[in-house]
Amino acid sequence: LPGHAGALVAAMERDLGTRLEWEGIDHHNTDNPHLHLLIRGRDGRGRPLTLDPQYVQRGIRARSEDLATRALGWRTDREIALSRERAVERARFTDLDRAILARADGDQRVAYGGRPPADRAARTQRRLEMRRLDFLGTLGLAERVGPGTWELSPLLEATLRQAQLAIDIQKSRGRPRARLTLLLGEEFVRA
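Residues numbered from 1 in each chain as written. Predicted model: local features only at pLDDT ≥ 70, side-chain atom pairs only at ≥ 80, totals over all residues. Heavy atoms only, no water.

J.: For this particular structure, what's the right way to read the side chain of T18?
T.: Locating T18 in the fold gives a position in the loop between helix 1 (2-16) and strand 1 (22-27). Under the relative-accessibility criterion, T18 is labelled buried at 15%. The contacts of T18, once residues within four sequence positions are left out, are E13, D43, G44 and L49. (Helix = DSSP H or I, 4+ residues; strand = E, 2+ residues; numbered from the N terminus. Buried < 20%, exposed > 50% of the residue type's maximum accessible area, 1.4 Å probe, protein only. Contact = heavy atoms within 4.5 Å.)

Structural data, given as C-alpha coordinates:
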(Lines give C-alpha, C1' and ligand atoms only; values in the text may rest on other atoms or scores of the structure.)
Protein backbone atom coordinates (compact mmCIF):
# COMPACT_ATOMS: atom_id res chain seq x y z
CA LEU A 1 0.00 0.00 0.00
CA PRO A 2 2.76 2.57 0.64
CA GLY A 3 4.07 2.04 -2.90
CA HIS A 4 0.56 2.32 -4.25
CA ALA A 5 0.07 5.59 -2.34
CA GLY A 6 3.21 7.07 -3.87
CA ALA A 7 2.19 6.02 -7.38
CA LEU A 8 -1.35 7.36 -6.83
CA VAL A 9 -0.10 10.76 -5.66
CA ALA A 10 2.32 10.92 -8.63
CA ALA A 11 -0.64 10.27 -10.97
CA MET A 12 -2.66 12.95 -9.17
CA GLU A 13 0.22 15.40 -9.58
CA ARG A 14 0.23 14.71 -13.33
CA ASP A 15 -3.58 15.15 -13.47
CA LEU A 16 -3.49 18.39 -11.50
CA GLY A 17 -0.30 19.78 -13.03
CA THR A 18 1.28 20.57 -9.67
CA ARG A 19 3.41 18.99 -6.98
CA LEU A 20 1.54 17.93 -3.86
CA GLU A 21 2.64 17.80 -0.25
CA TRP A 22 1.03 14.77 1.35
CA GLU A 23 1.10 12.22 4.11
CA GLY A 24 -0.50 8.82 4.06
CA ILE A 25 -1.25 5.90 6.31
CA ASP A 26 -2.22 2.40 5.38
CA HIS A 27 -4.87 0.70 7.51
CA HIS A 28 -5.35 -3.01 7.95
CA ASN A 29 -8.10 -2.70 10.56
CA THR A 30 -10.95 -3.84 8.27
CA ASP A 31 -11.60 -6.69 5.85
CA ASN A 32 -10.23 -4.38 3.15
CA PRO A 33 -6.78 -2.87 3.71
CA HIS A 34 -6.94 0.76 2.62
CA LEU A 35 -5.14 4.11 2.54
CA HIS A 36 -5.89 7.48 4.04
CA LEU A 37 -4.20 10.40 2.29
CA LEU A 38 -3.85 13.91 3.67
CA ILE A 39 -3.04 16.46 0.98
CA ARG A 40 -1.93 19.98 1.84
CA GLY A 41 -4.41 22.59 0.66
CA ARG A 42 -1.74 24.44 -1.35
CA ASP A 43 -0.31 23.71 -4.79
CA GLY A 44 3.39 23.62 -5.65
CA ARG A 45 3.51 27.44 -5.82
CA GLY A 46 1.76 27.99 -2.49
CA ARG A 47 -1.61 28.95 -4.01
CA PRO A 48 -4.81 27.41 -2.62
CA LEU A 49 -5.32 23.94 -4.07
CA THR A 50 -8.80 23.49 -5.50
CA LEU A 51 -9.98 20.04 -6.55
CA ASP A 52 -12.97 19.51 -8.79
CA PRO A 53 -15.63 17.58 -6.81
CA GLN A 54 -15.97 15.06 -9.66
CA TYR A 55 -12.23 14.39 -9.52
CA VAL A 56 -12.43 13.79 -5.77
CA GLN A 57 -15.49 11.54 -6.10
CA ARG A 58 -14.49 9.56 -9.18
CA GLY A 59 -11.14 10.57 -10.64
CA ILE A 60 -8.91 9.59 -7.73
CA ARG A 61 -10.66 6.24 -7.42
CA ALA A 62 -10.31 5.62 -11.16
CA ARG A 63 -6.57 6.37 -10.96
CA SER A 64 -6.20 4.04 -7.98
CA GLU A 65 -8.12 1.25 -9.72
CA ASP A 66 -5.97 1.61 -12.83
CA LEU A 67 -2.76 1.38 -10.79
CA ALA A 68 -4.04 -1.67 -8.89
CA THR A 69 -5.07 -3.39 -12.13
CA ARG A 70 -1.63 -2.78 -13.61
CA ALA A 71 0.04 -4.22 -10.52
CA LEU A 72 -2.30 -7.14 -9.82
CA GLY A 73 -3.96 -7.87 -13.15
CA TRP A 74 -7.63 -8.05 -13.97
CA ARG A 75 -9.97 -9.76 -11.51
CA THR A 76 -11.42 -12.95 -12.87
CA ASP A 77 -15.15 -13.27 -13.52
CA ARG A 78 -15.30 -15.73 -10.63
CA GLU A 79 -13.63 -13.26 -8.22
CA ILE A 80 -16.05 -10.53 -9.25
CA ALA A 81 -19.08 -12.82 -8.87
CA LEU A 82 -17.97 -13.97 -5.41
CA SER A 83 -17.39 -10.38 -4.32
CA ARG A 84 -20.87 -9.36 -5.47
CA GLU A 85 -22.46 -12.36 -3.76
CA ARG A 86 -20.74 -11.49 -0.47
CA ALA A 87 -22.01 -7.91 -0.72
CA VAL A 88 -25.65 -9.04 -0.58
CA GLU A 89 -25.61 -9.60 3.20
CA ARG A 90 -22.98 -7.13 4.32
CA ALA A 91 -23.86 -4.61 7.02
CA ARG A 92 -22.18 -1.76 5.14
CA PHE A 93 -22.92 0.55 2.22
CA THR A 94 -22.11 -1.42 -0.94
CA ASP A 95 -22.05 -0.96 -4.69
CA LEU A 96 -25.39 -2.79 -4.74
CA ASP A 97 -26.85 -0.08 -2.48
CA ARG A 98 -25.42 2.59 -4.77
CA ALA A 99 -27.13 0.92 -7.77
CA ILE A 100 -30.40 0.53 -5.87
CA LEU A 101 -30.43 4.19 -4.83
CA ALA A 102 -29.69 5.25 -8.41
CA ARG A 103 -32.74 3.25 -9.53
CA ALA A 104 -35.04 4.72 -6.85
CA ASP A 105 -37.70 7.24 -7.80
CA GLY A 106 -38.49 10.46 -5.94
CA ASP A 107 -40.62 8.57 -3.42
CA GLN A 108 -37.71 6.27 -2.51
CA ARG A 109 -39.35 3.34 -4.30
CA VAL A 110 -37.53 0.79 -6.40
CA ALA A 111 -39.44 -1.39 -8.86
CA TYR A 112 -38.27 -4.40 -10.86
CA GLY A 113 -41.24 -4.96 -13.11
CA GLY A 114 -41.60 -6.50 -16.51
CA ARG A 115 -39.54 -9.20 -18.09
CA PRO A 116 -36.05 -9.94 -16.82
CA PRO A 117 -33.28 -8.40 -18.94
CA ALA A 118 -32.06 -10.49 -21.87
CA ASP A 119 -28.41 -9.81 -21.00
CA ARG A 120 -26.97 -12.33 -18.51
CA ALA A 121 -24.94 -9.73 -16.59
CA ALA A 122 -27.99 -7.46 -16.26
CA ARG A 123 -30.11 -10.40 -15.03
CA THR A 124 -27.46 -11.26 -12.44
CA GLN A 125 -27.24 -7.64 -11.27
CA ARG A 126 -31.04 -7.45 -10.97
CA ARG A 127 -31.13 -10.71 -8.97
CA LEU A 128 -28.41 -9.45 -6.60
CA GLU A 129 -30.15 -6.11 -6.11
CA MET A 130 -33.44 -7.84 -5.28
CA ARG A 131 -31.68 -10.17 -2.82
CA ARG A 132 -30.00 -7.14 -1.29
CA LEU A 133 -33.37 -5.43 -0.90
CA ASP A 134 -34.72 -8.50 0.90
CA PHE A 135 -31.70 -8.38 3.22
CA LEU A 136 -32.19 -4.65 3.79
CA GLY A 137 -35.77 -5.51 4.72
CA THR A 138 -34.49 -7.66 7.59
CA LEU A 139 -32.64 -4.57 8.83
CA GLY A 140 -35.71 -2.34 8.52
CA LEU A 141 -34.08 -0.31 5.74
CA ALA A 142 -36.39 -1.46 2.91
CA GLU A 143 -39.94 -2.72 2.82
CA ARG A 144 -41.55 -4.78 0.10
CA VAL A 145 -44.69 -2.88 -0.91
CA GLY A 146 -45.73 -4.96 -3.91
CA PRO A 147 -44.47 -7.55 -6.36
CA GLY A 148 -40.92 -6.58 -7.25
CA THR A 149 -41.32 -3.21 -5.51
CA TRP A 150 -39.64 -1.92 -2.37
CA GLU A 151 -39.77 1.34 -0.45
CA LEU A 152 -36.39 2.45 0.88
CA SER A 153 -35.75 4.02 4.24
CA PRO A 154 -34.49 7.60 3.91
CA LEU A 155 -31.82 6.56 6.45
CA LEU A 156 -30.55 3.64 4.36
CA GLU A 157 -27.16 5.04 3.35
CA ALA A 158 -26.42 6.79 6.64
CA THR A 159 -27.37 3.71 8.68
CA LEU A 160 -25.21 1.36 6.61
CA ARG A 161 -22.25 3.73 6.71
CA GLN A 162 -22.62 4.05 10.50
CA ALA A 163 -22.83 0.26 10.86
CA GLN A 164 -19.62 -0.11 8.86
CA LEU A 165 -17.88 2.46 11.04
CA ALA A 166 -18.96 0.60 14.18
CA ILE A 167 -17.67 -2.70 12.74
CA ASP A 168 -14.35 -1.08 11.77
CA ILE A 169 -13.93 0.39 15.26
CA GLN A 170 -14.75 -2.95 16.88
CA LYS A 171 -12.24 -4.77 14.66
CA SER A 172 -9.51 -2.22 15.29
CA ARG A 173 -9.99 -2.59 19.05
CA GLY A 174 -10.07 -6.37 18.86
CA ARG A 175 -6.87 -6.82 16.89
CA PRO A 176 -4.46 -5.53 19.56
CA ARG A 177 -6.17 -7.80 22.11
CA ALA A 178 -5.92 -10.77 19.76
CA ARG A 179 -2.20 -10.07 19.23
CA LEU A 180 -1.59 -9.81 22.98
CA THR A 181 -3.51 -13.02 23.59
CA LEU A 182 -1.44 -14.78 20.96
CA LEU A 183 1.82 -13.47 22.46
CA LEU A 184 1.05 -13.71 26.17
CA GLY A 185 -1.83 -16.15 26.53
CA GLU A 186 -5.43 -15.53 27.62
CA GLU A 187 -4.67 -15.59 31.37
CA PHE A 188 -2.32 -12.56 31.08
CA VAL A 189 -4.67 -10.53 28.90
CA ARG A 190 -7.64 -11.12 31.23
CA ALA A 191 -5.60 -9.91 34.21
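J.: I tried to follow the pattern of salt bridges on my own but got confused; where do I start?
T.: Side chains bearing opposite charge may pair, as long as their charged atoms lie close to each other. Applying the stated criterion to the full structure yields 14 salt bridges. Across the pair D43 and R47 runs a salt bridge whose closest N-O atoms are separated by 3.0 Å. Residue classification places D43 among the buried positions, given a relative accessible area of 10%. Note that R109 and E151 form a salt bridge whose closest N and O atoms lie 3.3 Å from each other. With a gap of 42 residues between them, R109 in strand 3 (residues 109-111) and E151 in strand 5 (residues 149-152) connect regions that are remote in the sequence. When its relative accessible area of 34% is taken as the criterion, R109 is described as partly exposed. Classification of E151 as partly exposed rests on a relative accessible area of 32%. (Salt bridge = Lys/Arg side-chain N within 4 Å of Asp/Glu carboxyl O.)

J.: Sorry, what's going on with the packing of aromatic side chains here?
T.: Working definition: an aromatic ring pair is given by the centre-to-centre distance plus the angle between the planes. In total, this model carries one aromatic pair according to the counting rule given. With 6.0 Å between their ring centres and 80° between their planes, Y112 and W150 make a pair best called edge-to-face. Here Y112, found in the loop between strand 3 and helix 5 (120-138), pairs with W150, found in strand 5; they are 38 residues apart in sequence, far enough to count as distant. (Phe/Tyr/Trp six-rings, centres within 6.5 Å; stacked < 30°, edge-to-face > 60°.)

J.: Got a minute to help me understand the nonpolar core in this structure?
T.: Across soluble globular proteins, you tend to see nonpolar side chains buried next to one another. Within the largest apolar cluster, 13 residues are counted, with the highest numbers of intra-cluster contacts made by V110, L133, L136, L152 and L156. Dropping the residues within four chain positions of it, L152 is found in contact with I100, L101, A104, Q108, V110, L133, L141 and A142. Formed by eight residues, the second largest nonpolar core is a distinct cluster that contains L8, M12, L20 and I60. (Core = buried A, V, L, I, M, F, W, Y, C linked by side-chain atoms within 4.5 Å.)

J.: Sorry if this is basic, but what is going on with the sheet that holds strand 5 here?
T.: Working definition: the strands of a sheet are paired by backbone hydrogen bonds and lie parallel or antiparallel to each other. Strand order in the open sheet formed by three strands is 3-5-4, and the pairing between neighbours is antiparallel. The open sheet terminates on both sides in strands that have one partner only, identified here as strand 3 and strand 4 (142-146). Going from strand to strand, the sheet's axes swing by 30° on average, the running direction of each strand aside. In the sheet, strand 4 pairs with strand 5 via four bridges, with the strands oriented antiparallel. If you follow G146 over to strand 5, its bridge partner there is T149. Sitting on the sheet, helix 4 (residues 95-103) is in contact with strand 3 and strand 5, with an inclination near 95° to strand 3. (Pairing = 2+ DSSP bridges. Axes fitted to C-alpha atoms, helices over the stretch in contact; angles between N-to-C directions.)

J.: Sorry if this is basic, but what is going on with the side chain of T94 here?
T.: Checked against the element boundaries, T94 lands in the loop between helix 3 (77-87) and helix 4. Given the relative accessible area of 6%, T94 is considered buried. With residues near it in sequence (within four places) discarded, T94 still touches A87 and R132.

J.: Explain helix 5 here, please?
T.: Side chains of residues three or four places apart in an α-helix project in the same direction, reflecting 3.6 residues per turn. The first and last C-alpha atoms of helix 5 sit 28 Å apart over 19 residues, in line with the 27 Å expected at 1.5 Å per residue. Along helix 5, the residues classified as buried are R126, L128, E129, R132, L133, F135 and L136. (Expected span 1.5 Å × (residues − 1).)

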